[in-house]
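Working through the structure, step by step
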Amino acid sequence: NAGVTQTPKFRVLKTGQSMTLLCAQDMNHEYMYWYRQDPGMGLRLIHYSVGEGTTAKGEVPDGYNVSRLKKQNFLLGLESAAPSQTSVYFCASSYHAVRGETQYFGPGTRLLVL
Amino acid sequence: GESVGLHLPTLSVQEGDNSIINCAYSNSASDYFIWYKQESGKGPQFIIDIRSNMDKRQGQRVTVLLNKTVKHLSLQIAATQPGDSAVYFCAENPKGGGNKLTFGTGTQLKVEL
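Below you will find a few notes about this structure. (Residues numbered from 1 in each chain as written. Chains lettered and ligands numbered in written order. Predicted model: local features only at pLDDT ≥ 70, side-chain atom pairs only at ≥ 80, totals over all residues. Heavy atoms only, no water.)

We now examine the overall build of chain B. If you tally the helices and strands in chain B, you get zero helices and 11 strands. Counting from the amino terminus, helix and strand elements in chain B follow one another as β-β-β-β-β-β-β-β-β-β-β. Computed over C-alpha atoms, the radius of gyration of chain B comes to 13 Å, within 12% of the 13 Å expected from 2.2 N^0.38 for 113 residues, which places it in the range of a compact globule. Considering only C-alpha atoms, chain B reaches an extent of 45 × 30 × 20 Å along its principal axes. Counting the 113 residues in chain B, one finds 44% classified as buried. Across chain B, the fraction of contacts at a sequence separation of at least 24, relative to all contacts at a separation of at least 6, is 53%. With the model as given, the accessible surface of chain B reaches about 5,400 Å², and the carbon-plus-sulfur share is 46%. Averaged over its 11 positive side-chain charges, chain B has a centre that lies 5 Å from the centre of its 10 negative ones. (Helix = DSSP H or I, 4+ residues; strand = E, 2+ residues; numbered from the N terminus. Rg over C-alpha atoms; globule rule 2.2 N^0.38 Å. Buried < 20%, exposed > 50% of the residue type's maximum accessible area, 1.4 Å probe, protein only. Contact = heavy atoms within 4.5 Å. Areas by Shrake-Rupley, 256 points an atom, 1.4 Å probe, with all protein chains shown as cover. Lys, Arg positive; Asp, Glu negative; His and termini not counted. Charge placed at Lys NZ, Arg CZ, Asp CG, Glu CD.)

Structure follows, in structure tokens:
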């Protein structure tokens, strides 16, 4: 089991460019999440998905879109990147939507927007 | 809204000593907390959790204490080792929020040899 994987590991964008971050999990988990982590702050939830074909907004969804076309993949898109989106992005998954299910995190994607 | 915060941004301990990492929360209705460990360049890893019907829970070398009266929880690491060096987050799983987590800001634990 690879667990939760993320691609790319690192990316530099210019303001206004677009990109897609890919998250994949091989644990047959129903729930998937995208977080961002900024210096001096904890992780903040961007969007999440409760199953294939469904997505929902988290705490900081503005400027991002997501898609869950396949159960194992959760994509995070930036249509027009801004310097404020410079951050480390973490994907996570959990088996159930039941409260208390452990979330398993990927290694992160470092994004720098110039 | 709810907030989960940590008292100290950095904690330095000698190898072999016990470490105590603190966390405060503001919502008295909060009833489920989790501690995560994040090593440099990696994603957070689950350490231990506790529900409000408990005051204490123990794992392997780790103990979490919950004081609901003062809305405070702590993570104790016994016989701290160099491999314990990491950032530690407390997180809350709010009621009605499904399995969504609200994270604190993190404490950097540095283990000195």
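Attention shifts here to the side chain of His47 of chain A. Residues and elements named next belong to chain A. Topologically, His47 is positioned in strand E5 (residues 43-51). A distance of 3.3 Å separates the side chain of His47 from the backbone oxygen of Tyr64, its partner in a polar contact. Ignoring anything within four residues of it in the chain, the contact list for His47 reads Tyr33, Trp34, Ala56, Lys57, Gly58, Pro61, Tyr64, Asn65, Val66 and Phe74. (Polar contact = N/O pair within 3.5 Å; in protein donor to acceptor, adjacent residues only side chain to side chain.)

Attention now moves to the pairing of strand E1 (residues 4-7) of chain A. Residues and elements named next belong to chain A. Only one face of E1 is buried, namely the one carrying Val4 and Gln6, since none of Thr5 and Thr7 on the opposite face is buried. In terms of strand pairing, E1 meets strand E3 (residues 19-25) through four bridges, oriented antiparallel. Paired with Val4 across the two strands is Gln25, which belongs to E3. (Pairing = 2+ DSSP bridges.)

This paragraph deals with the nonpolar core. With 20 residues, the main nonpolar core has Trp35, Leu73, Leu75, Tyr88 and Leu109 of chain B as its most contacted residues. Those elements that place two or more of their residues in this core are strand E2 (10-14), strand E3 (19-25), strand E4 (32-38), strand E5 (45-51), strand E7 (62-67), strand E8 (72-77), strand E9 (86-92) and strand E11 (107-112) of chain B. Among the nonpolar cores identified, the runner-up in size contains 19 residues, and Met19, Ile46, Val60 and Cys91 of chain A belong to it. (Core = buried A, V, L, I, M, F, W, Y, C linked by side-chain atoms within 4.5 Å.)

Attention now goes to the interface of chain B and chain A. Taken residue by residue, the interface counts 21 residues in chain B and 23 residues in chain A. For the pair chain B and chain A, the summed buried surface comes to about 1,700 Å²; carbon and sulfur atoms form 50% of the total. Three residues, Asn99, Lys100 and Phe103 of chain B, lead the burial of chain B against chain A; their summed loss comes to 34% of the area buried on that side. Connecting chain B to chain A are zero salt bridges. Connecting chain B to chain A are two residue pairs in polar contact (both at pLDDT 80 or more). (Buried area = accessible area lost by both parts, 1.4 Å probe. Salt bridge = Lys/Arg side-chain N within 4 Å of Asp/Glu carboxyl O.)

In this structure, Pro8 of chain A follows Thr7 of chain A across a cis peptide bond, with omega equal to -5 degrees. Of note, Pro8 of chain A is situated in the loop between E1 and strand E2 (10-13).

So, on to the environment of Tyr89 of chain A. Residue and element names in this part refer to chain A. Take Tyr89: it is sitting in strand E9 (residues 87-94). Leave out the neighbours within four places in its chain, and Tyr89 touches Gln6, Leu21, Trp34, Tyr35, Arg36, Ile46, Tyr64, Leu76, Leu78, Gly108, Thr109 and Leu111. Side-chain polar atoms of Tyr89 contact the backbone oxygen of Gln85, separated by 2.6 Å.

Let us look at the sheet that holds E1 of chain A. Residues and elements named next belong to chain A. Spatial ordering of the open sheet is given by E1-E3-E8-E7, a layout of four strands whose pairing is antiparallel. If you trace the sheet from one side to the other, it starts and ends with E1 and strand E7 (65-67), each paired once. With direction set aside, neighbouring strand axes in the sheet form an average angle of 20 degrees. Relative to strand E8 (residues 73-78), E7 is paired through three bridges, and the arrangement is antiparallel. Following the sheet pairing, Asn65 is matched in E8 by Gly77. (Axes fitted to C-alpha atoms, helices over the stretch in contact; angles between N-to-C directions.)

With that settled, consider the state of the cysteines. Applying the stated criterion to the full structure yields two disulfides over all chains. The disulfide partner of Cys23 of chain A is Cys91 of chain A, and the S-S distance across this bridge is 1.9 Å. Its S-S torsion of approximately -75 degrees makes the covalent link between Cys23 of chain A and Cys91 of chain A left-handed. Residue Cys23 of chain A is found in strand E3, and its partner Cys91 of chain A is found in strand E9; the two are separated by 68 residues along the sequence. Each of the two residues, Cys23 of chain A as well as Cys91 of chain A, counts as buried. Two residues share a disulfide in this structure: Cys23 of chain B and Cys90 of chain B, whose sulfurs sit 1.7 Å from each other. In this structure, the disulfide formed by Cys23 of chain B and Cys90 of chain B twists by about 50 degrees around the S-S bond and is classed as right-handed. Residue Cys23 of chain B is located in strand E3, and its partner Cys90 of chain B is located in strand E9; the two are separated by 67 residues in the primary sequence. Classification of Cys23 of chain B as buried rests on a relative accessible area of 0%. (Disulfide = S-S within 2.5 Å.)

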